[in-house]
Amino acid sequence: MRPPSRDSIPRGTLDMLILKTLVRNGRSHGFEIADHIAHASANVLQVEEGSLYPALQRLLVDGAVRGEWGHTSENRRARYYEISAAGRRMLEDELRTYHRVAHAIALVLQPG
Amino acid sequence: MSDELAEEMALHVELRAEAYRRSGLSDEDAAIAAARQFGNRPLLQERSRDAWGFRWADETMADVRYALRQLRRAPLFAAAVIGTLALGAAGLAVVLSATNTLLLAPPAGLSDPARLVDIRSTIGRDRNASVFSYPLYRDLSQATSNVEAVMAFAPFVASVRTDSLGDQQAAGLFVSSNYFQGLGVRPLVGRLFDEAGGRSEAPLPTAVLEWKYWNDRFGRDASVLGRVIDVNGVPVTIIGVAARGFTGTSGIVHPDLFLPLSLQPSVGRLDASRLDDRDAEWLSLVGRLRPNVTTSSAATELTGRAIRGEQERDQASRVAALRLSALRRVPADAAKPIAFFLGIFLVISAIVLCIASTNVANLLLARALARRREFAVRLALGADSLRLVRQLLTESAILFLSGGVAAVVTAAVALRVLARTYITVDFAIPLDFPLDSRVVVTTLLIACVVGSVVGLVPALHAARGDVASLLRSGTRSGAQRRRTRHAFAIVQIAMSVVLLVGAGLLQRAVEEGHRVDPGFRLKDVAVAPMSLSQAGYDDGRAQQFQAAVLRQLRTVPAIADAAFASVLPLALNSRRLGIQIPGHRPPRGARSFLVPTEVVSDNFFDVLAVPLVAGRAFSPTDNDNAPRVAIVTAAFARRFWSSAALADVIGKTFMSGPSTYTIVGVARDARFRSISEPPEALLFFAAGQQPTRDGVLLIHTRANAGNVASTLEGLVRGLDPRVPAMVVRSLESTATVGLLPQIIAGTASAVLGIIGLVLAVVGLYAVIAHGVAERTHEIGVRMALGASAIGVQKMVLSESLRLVTRGLVIGLSVAVLSSRFLSSLLFDISPFDPLTFAVVAGILALMTIVGSWLPARRAVRVDPLVALRAE
């Protein structure tokens, strides 16, 4: 079986997707986040999965997420990420911007 | 950090692979698919680190680690570079430190020195603008809205007698009662003067010691408090020691002890109190401004006060304006000659650093050449050429920084040695220029800047060439490199020529200075300072005593003649006095002409063999009962009566104080004040009419009169054992003091010139040796074809001679253009002195031989077979 074809994620939206995932699922490690994004988008949005990690590091630096080492259900060491208050504010801002832009694009594209 | 990322990513890929396996892929396929889906792991790791902004730091750390590894592998190279730089930059650090101490930093040991200002006045051009009268100081000393306090001080020569140590000369400083408080100096032991004594400067006979004096003379004994010492014949009680590091505010002389201004009338070796005398200007002033006050607003306020004060005492104002400037070790009016000197040294030491840096550039170039295969391989493997340049720059930055540190350490040692050196004029002036953080940082900064400039050349060389030509070691770039190295050698030689010419000219000036005719007898004249004020004499008895000493001296067979003078000739010293001359208007703002004066006994002109060109010398009849008379120098006559013949000056009169003087003689011009200054307008008074308690005996001895000192000692002791012991010197040795500027400049430039020469010889050697090594093959071929050993030697020597000749021509041209900046120090020596230039050319010829002898010998020993086989 071939891996499904991917649509690349628009730049800058990856942060938003990560933060949204963390809000919905709570504490998650990298693989869980990637998996969730893939499933939730019905495998349409499938990231080059590694690019998740630079994004996560950026969010760590910005203080939007907190990272903490823990163990998976199969008892393997993994770093778990959690959204911070600052991260929630950042997500709200980005969502607002996103909706405004999406709405504007929709207006332009609607037939008639 | 990177380990955590790697672990995280590994887990991710593993989990993804498991998922694929579960969906039915083989183990191998699952692993490949998972890895592909994840992307380029090392790249992603690096980008993750970039999120933290670590990339730059990471790379720099890697560069530093790599550079250190490379340098550890070539310890000899590293040591050569660091040693060369230490030698080259240490001179600069020393000069910077001296400049900083003397001109840029406030004197040591003051609290909040930024608010302290040097106060000077601008009056007519004839007036010494840095000193004030005591009444004027009192006007200025009241606190105002801008000025917190004004402190006054005046240096004096102290003869200190203690029970245990006997007589000793010391540098004294009269200070106002608020001096220590205003400067923010605390006592180390005991107490300092305070204003408890009140503004009256009540005459408390007390003294405060400077730390070093206390350490050297009293062995840091705390029990000195309360001890009574004898200063110029006045008993004073030691009440404290000033905090260590405070060395006064009086220029480069560090005072040994501080006395209250109120003691001036009794302790100062002056005939009368200066405290009430509004004409006696003798106090230097320092002000402490209130916080956030500008110097200009404080100056305006103080000027107004000074003018008001002077108007109350006098009708006309004598002060035009007060000028305030930041307090420095050397007061602003004396800064110019010192800045000139330090400027010369700064240029010289910068040249030495340039020579050293060129050597280092040569070493770096040679090393880059030796490593070109390494660079070529790295470039071929895809290394970024910018990265390569950066790496080489890191290496040279590390080298130069270490060199800078080594230079600072070397300079610190040199300054330590220098601090134990004293220039003795009247006092021992210490050459103490402690390093401070500013100097250290500047030196390191200069080292780094020079390092990156010098390091850039070989780095670019290494990175520019395309890989192929580097691997082939193309001949074209070889020739180019040789040209660069030759240019280095030529520049070095040229710079050392400039240094040597400067040093040579100054040495000649010192020699010439010893030969300059001062216009009076130097040989066979012994001088002995004699201070009677210290022995408790009044003017009348002093006069009698001096006459008696002279009379007895003349009876000694070994002594031809003897005279007395108030001022030691050639000691850069004279007492200035205000005079009024009928028909002559004083300079604007002044009430009188301030002229240098000297009081001399009647046979002064005989002893010094100064002929009178008109009129007569003083005679024993010029005493208190006779009309007041004076003798002037020809320069004095020309200054005031330029149109008159010298004979017509006889009989002219002038006023000083209450008396009118008649000029009875004109003496030929002579360099009484300093050997290096042209004769000045000088006024002589007769000792019989102008009693002076302190002065100097001038004794004209007959040929090889050995023990004038003991004769004099016995004679004076016989007359009065209370008169302090005298130091007898020859007038010739005193003349040396006048040559101090030349001697200091000559010694410093000689030391730096030798360092520069040695570095340049090493540089020349390196270039020639390298050339020989590079041409081993060629030399082998030549010798195989029958070239003689002498022929090969000639070839090597002629290459070196070509370089030296070019360097010499350039260097001499630069020297000719720049040596006239030294002309003020050179007496009558031409800046183009042929002897100096010839000697320098000779030294350079010697340098050629030294620099190319070893390489030439090595060239001759090339075995043609070995040389040819090596290819």
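Rules behind the numbers
- Residues numbered from 1 in each chain as written.
- Chains lettered and ligands numbered in written order.
- Predicted model: local features only at pLDDT ≥ 70, side-chain atom pairs only at ≥ 80, totals over all residues.
- Heavy atoms only, no water.
- Helix = DSSP H or I, 4+ residues; strand = E, 2+ residues; numbered from the N terminus.
- Buried < 20%, exposed > 50% of the residue type's maximum accessible area, 1.4 Å probe, protein only.
- Contact = heavy atoms within 4.5 Å.
- Areas by Shrake-Rupley, 256 points an atom, 1.4 Å probe, with all protein chains shown as cover.
- Polar contact = N/O pair within 3.5 Å; in protein donor to acceptor, adjacent residues only side chain to side chain.
- Core = buried A, V, L, I, M, F, W, Y, C linked by side-chain atoms within 4.5 Å.
- Buried area = accessible area lost by both parts, 1.4 Å probe.
- Salt bridge = Lys/Arg side-chain N within 4 Å of Asp/Glu carboxyl O.
- Nonpolar A, V, L, I, M, F, W, Y, C, P; charged D, E, K, R; others polar.
- Pairing = 2+ DSSP bridges.
- Phe/Tyr/Trp six-rings, centres within 6.5 Å; stacked < 30°, edge-to-face > 60°.
- Lys NZ or Arg CZ within 6 Å of the ring centre and 35° of its normal.

1. Some remarks on the overall build of chain B
Counting its secondary structure elements, chain B contains 27 helices and 23 strands. Each of the 871 residues in chain B was classed as buried or not, and the buried ones make up 50%. When contacts within chain B are restricted to residue pairs at least 6 apart in sequence, long-range pairs at least 24 apart make up 80% of them. Accessible area of chain B: about 38600 Å², with a carbon and sulfur share of 59%.

2. Here's the deal with the side chain of Arg79(A)
Considering the arrangement of structural elements, one finds Arg79(A) in strand E3 (residues 77-83). You can call Arg79(A) buried: its relative accessible area is 9%. At 3.4 Å, the side chain of Arg79(A) and the side chain of Glu4(B) are in polar contact. One polar contact links Arg79(A) to Glu8(B), side chain to side chain, over a distance of 3.1 Å. Discounting chain neighbours no more than four positions away, the residues touching Arg79(A) are Ser28(A), His29(A), Gly30(A), Gln57(A), Leu60(A), Gly67(A), Glu68(A), Trp69(A), Glu4(B), Leu5(B) and Glu8(B).

3. What to know about the nonpolar core
Residue and element names in this part refer to chain B. The biggest cluster of nonpolar side chains holds 96 residues, and the ones touching the most others in it are Phe520, Phe604, Phe605, Leu608, Phe672, Phe684 and Leu844. With twelve residues, helix H16 (residues 475-515) is the largest single contributor of residues to this core. Setting aside anything within four residues of it in sequence, one finds Phe672 in contact with Phe520, Pro569, Leu570, Phe604, Leu608, Val610, Thr633, Leu682 and Phe684. Core analysis: the next-biggest nonpolar cluster, separate from the first, contains 47 residues, Leu209, Ile229, Ala298 and Ala306 among them.

4. Some words on the interface of chain B and chain A
The interface of chain B with chain A comprises 22 residues on the first partner and 28 residues on the second. Sorting the residues of chain B by area buried against chain A places Glu8(B), His12(B) and Gln37(B) first, and these three jointly supply 26% of that buried surface. Inspection of the chain B/chain A interface yields seven salt bridges. A salt bridge links Arg76(A) to Glu18(B), with the shortest nitrogen-to-oxygen separation between them at 2.8 Å. Counting across the chain B and chain A interface gives twelve residue pairs in polar contact (both at pLDDT 80 or more). Where the side of chain B that touches chain A is concerned, the elements lending two or more residues are helix H1 (2-22), helix H2 (27-38) and helix H3 (41-50) of chain B. Considering every element that reaches the side of chain B that touches chain A, the biggest residue donor is H1(B), with twelve residues. The class makeup of the residues in the side of chain B that touches chain A is eleven nonpolar, four polar and seven charged.

5. Let's talk about the sheet that holds strand E2 (residues 65-71) of chain A
Residues and elements named next belong to chain A. Across the sheet, three strands lie side by side as E1-E3-E2; this open sheet has antiparallel pairing. Two strands bound the open sheet, and with one partner strand each, they are strand E1 (28-29) and E2. Sheet topology note: the E2/E3 ladder contains seven bridges and is antiparallel. Bridged to Glu68 within E3 is Tyr80.

6. Quick look at the packing of aromatic side chains
One pass over the structure, following the stated rule, counts 26 aromatic pairs over all chains. Geometrically, the ring pair formed by Phe604(B) and Phe684(B) is tilted, given 5.6 Å between the ring centres and 45° between the ring planes. In this pair, Phe604(B) sits in helix H18 (residues 604-607) while Phe684(B) sits in strand E21 (residues 683-686), placing the two residues 80 residues apart along the sequence. Just as Phe604(B) is buried, Phe684(B) falls in that class too. Through successive ring pairs, a cluster of aromatic residues spans Phe153(B), Tyr179(B), Phe180(B), Phe193(B), Phe246(B) and Phe258(B). For the cation-ring pair, Arg27(A) lies above Tyr80(A), with the distance from its terminal atom to the ring centre recorded as 4.6 Å. Here the basic side chain of Arg77(A) rests over the ring of Trp69(A), its NZ or CZ set 4.3 Å away from the ring centre.

7. Here's the deal with the pairing of strand E16 (residues 593-600) of chain B
Residue and element names in this part refer to chain B. The buried count for E16 comes to seven of eight residues, which makes it a mostly enclosed element. Relative to E16, strand E15 (residues 575-579) runs antiparallel, the two sharing five bridges. Its bridge partner lying in E16, Gly578 is registered against Leu594. Relative to E21, E16 runs parallel, the two being bridged by four bridges. Following the sheet pairing, Val599 is matched in E21 by Phe685.

8. Section: unusual backbone geometry
All names here are of chain B. Although it is not a glycine, Asn292 sits at a positive phi angle of roughly 60°. Following the sequence through the fold, Asn292 ends up in the loop between strand E9 (284-289) and helix H10 (295-313). Positive phi outside glycine occurs at Asp524, with the angle close to 60°. Residue placement: Asp524 occurs in the loop between H16 and strand E13 (525-531).

It is worth stressing that arrangement in space is one thing and function is another; only the former is reported here.
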